[in-house]
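Reading the structure
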Amino acid sequence: MQVKSNIDFENITRMKEIADIYKLTNQKEKYEKYHKNIISICDRLPKSEKILQYKIHSLNCLNKPYKSLETTNELLNINPYNMGALLNIIKHMKEGLNV
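Now for a look at the structure at hand. (Residues numbered from 1 in each chain as written. Predicted model: local features only at pLDDT ≥ 70, side-chain atom pairs only at ≥ 80, totals over all residues. Heavy atoms only, no water.)

Attention shifts here to unusual backbone geometry. A negative phi angle characterises most non-glycine residues, just as the trans form characterises most peptide bonds. Phi is positive for Asn 26, close to 55°, though the residue is something other than glycine. Relative accessible area serves as the criterion here: at 70%, Asn 26 is assigned to the exposed category. Positive phi values are uncommon outside glycine, yet Asn 63 reaches one of about 60°. Relative accessible area serves as the criterion here: at 64%, Asn 63 is assigned to the exposed category. (Buried < 20%, exposed > 50% of the residue type's maximum accessible area, 1.4 Å probe, protein only.)

Here we take up the environment of Asp 43. As for its placement among the helices and strands, Asp 43 is situated in helix α2 (residues 28-44). On the basis of relative accessibility, which here comes to 47%, the residue Asp 43 falls in the partly exposed class. In the structure, Asp 43 is positioned 12 residues away from Lys 55 in sequence and 8.2 Å away in space, judged by C-alpha atoms. A distance of 2.6 Å separates polar atoms of two side chains, one belonging to Asp 43 and the other to Lys 55. (Helix = DSSP H or I, 4+ residues; strand = E, 2+ residues; numbered from the N terminus. Polar contact = N/O pair within 3.5 Å; in protein donor to acceptor, adjacent residues only side chain to side chain.)

Encoded structure:
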């Protein structure tokens, strides 16, 4: 089971890297497709800090702040001191104040 989990995590990492390349080359549809696939994979895997962090990142990339904050709460239930989760809350609070 650990081996499959590592393979899935490596696939998500590669998919994020590919999405980043598509963003840099202004290929928005492909960029969004990769992030949707990352979210789909994350939803099928057991929840862990790493998996939830990838899901949060992809939700933010797709401009889904509500879902991102919901997932952030899940992450904080696992680790209330997760810095990425806390920074995500601050990011969305700042964006809310600028509206």
